[in-house]
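For reference, the chains in residue letters:
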Amino acid sequence: MAGASMSESVAVQPDDVRIIRALQIAPRASFASIAVALGLTESAVNRRYRRLRADGVIRVAGVVNPGALAQSRWLVRLRCRPGSVEAIADALAKREDVNWVALSAAGCEITCAIQSRTQEQREDLLGRRLPRTAAVLDINAFAMLRQFIGGRGHYWAALHGTLTPEQEAMLGSDGVPFTESPVVTRDPVRLTAGDEKILNTLATDGRASLVDLAAAADSTPGRVSRRLHALLLCRVVHIDVEIAAAALGYHARANLWLRVHPSAVKNAGRTLAQEPEIAFAAAVSGPHNIHAVAHCRDLDELFEFTSDRLGSLAGLQSMEVSPVLRHVKQASTLLSGDRLVEPPHTRA
């Protein structure tokens, strides 16, 4: 799944970054609203947004949270035979219940996130399919116990300050940014057939209009608007603004596996959530009790960040820094090289 790098052809302008930030705050805001807040014309916002999508810089999509449906979420590390890792990673990326896939450890390790909608689906993957793959040498699966940042958290702190507080206030919000929460709710939501149709449409295009959502769900725009608000409020779905980090100059990504004293896990996770470099952080089961994903501009910045700021975390006992060689899928979006790939039927 090779592709051209961002640096070869994509030039992201300051106004593009401002539009991306506006979408982070209110991903379903109209182009007219964004234009007023940023002092641009509606046609300019529309044109730039479509170019950013076409260039694989951003993608807006609805991502279902299985925790709201009473299903646990898992991180999996697979050690594979040399020469087999690409095929296994690509096969995993094609699964709807695998929403994040990355290659690391000199190309012999796959890290992926499992977000199955049912227990049977998860057990089939972890208990039967992967163990029977001869090229898989070792499997380690870790349950997510508490999420500190993620989801709308490509509400990524790296773009804080791009807009003024007044501009952000003008945009309002499609919901508060991600806040620390249990991974699995104690009061699961039961989805209707109409809900499923709404979610499927949002998975293709998180900015789908209420008219389009109503048509998909055989309902009315008013009813769909109220139901979507409820689904967002219950965190059944979040509207994710997925960003190709390389387009903004972040070329060094890494999986961080931290072992922290049990009494310090909460504080360490909350501290990580405030760091601009961190796009995801969660407490997990297993020998490392915190997993995080960092985006830095280069390996030197990654070294400075992990050795200075993370190295001084209270309670930190050890840390494994595993640079990502290739992202295959992130937040349910496939990548080709550094570019996000729109589903074929949604490309503008």
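Refer to the structure above for everything that follows.
Draft legend 1. Expanded view of the pairing of strand 7 (residues 237-243). With 7 of 7 residues buried, strand 7 is to be regarded as a mostly interior element. Both faces of strand 7 are covered, namely the face carrying Val 237, Ile 239, Val 241 and Ile 243 and the face carrying His 238, Asp 240 and Glu 242. The sheet contact formed by strand 1 (residues 58-64) and strand 7 spans 7 bridges and is antiparallel. For Arg 59, the partnering residue across the bridge sits in strand 7 and is Glu 242.

Draft legend 2. Local environment of the side chain of Asn 99. Inspection of the secondary structure puts Asn 99 in strand 3 (residues 98-104). Excluding its chain neighbours within four sequence positions, the residues that come into contact with Asn 99 are Ala 113, Gln 115, Lys 329, Gln 330, Ala 331 and Ser 332.

Draft legend 3. Structural detail: the environment of Cys 112. Inspection of the secondary structure assignment puts Cys 112 in strand 4 (residues 109-114). Take Cys 112: its relative accessible area is 0%, and that puts it in the buried class. Considered as a pair, Cys 112 and Lys 329 are 217 residues apart in the sequence and their alpha carbons are 8.8 Å apart. When near neighbours in sequence (up to four residues on either side) are disregarded, Cys 112 contacts Trp 74, Leu 75, Val 76, Leu 92, Val 98, Trp 100 and Val 101.

Draft legend 4. Region of the structure containing helix 11 (residues 265-273). For helix 11, the full list of buried residues reads Val 265, Ala 268, Gly 269, Leu 272 and Ala 273. The arc enclosing the buried residues of helix 11, seen along the axis, measures out at 140°, which places them on a common side. Of the surrounding secondary structure, the elements contacted by the buried residues of helix 11 are strand 5 (136-149), strand 8 (252-260), strand 9 (278-284), strand 10 (290-296) and helix 12 (299-310).

Draft legend 5. A look at the packing of aromatic side chains. Counting across every chain of the model gives 2 aromatic pairs. Look at Phe 31 and Tyr 49: their rings are 5.4 Å apart centre to centre, the planes differ by 55°, and that puts the pair in the tilted class. Here Phe 31, found in helix 3 (residues 31-38), pairs with Tyr 49, found in helix 4 (residues 42-54); they are 18 residues apart in sequence, far enough to count as distant. On the accessibility criterion, Phe 31 (14% relative accessible area) is buried. Note on Phe 142 and Trp 257: the rings are 5.6 Å apart at their centroids and 55° apart in plane angle, and the pair reads as tilted. Within this pair, whereas Phe 142 is found in strand 5, its partner Trp 257 is found in strand 8, the two being separated by 115 residues in sequence. Across the pair, exposure class does not vary: Phe 142 and Trp 257 are buried alike.

Draft legend 6. Seen up close, a negative patch on the surface. On the surface, Asp 298, Asp 300, Glu 304 and Asp 308 cluster together into a negatively charged patch. Mapped onto the elements of the fold, Asp 300 is located in helix 12.

Conventions used here
Residues numbered from 1 in each chain as written. Predicted model: local features only at pLDDT ≥ 70, side-chain atom pairs only at ≥ 80, totals over all residues. Heavy atoms only, no water. Buried < 20%, exposed > 50% of the residue type's maximum accessible area, 1.4 Å probe, protein only. Helix = DSSP H or I, 4+ residues; strand = E, 2+ residues; numbered from the N terminus. Pairing = 2+ DSSP bridges. Contact = heavy atoms within 4.5 Å. Arc of directions from axis to C-beta. Phe/Tyr/Trp six-rings, centres within 6.5 Å; stacked < 30°, edge-to-face > 60°. Patch = residues over 30% accessible without salt bridge, like charges linked within 9 Å, V, L, I, M, F, W, Y side chains within 5 Å. Areas by Shrake-Rupley, 256 points an atom, 1.4 Å probe, with all protein chains shown as cover. Salt bridge = Lys/Arg side-chain N within 4 Å of Asp/Glu carboxyl O. Lys, Arg positive; Asp, Glu negative; His and termini not counted. Charge placed at Lys NZ, Arg CZ, Asp CG, Glu CD.

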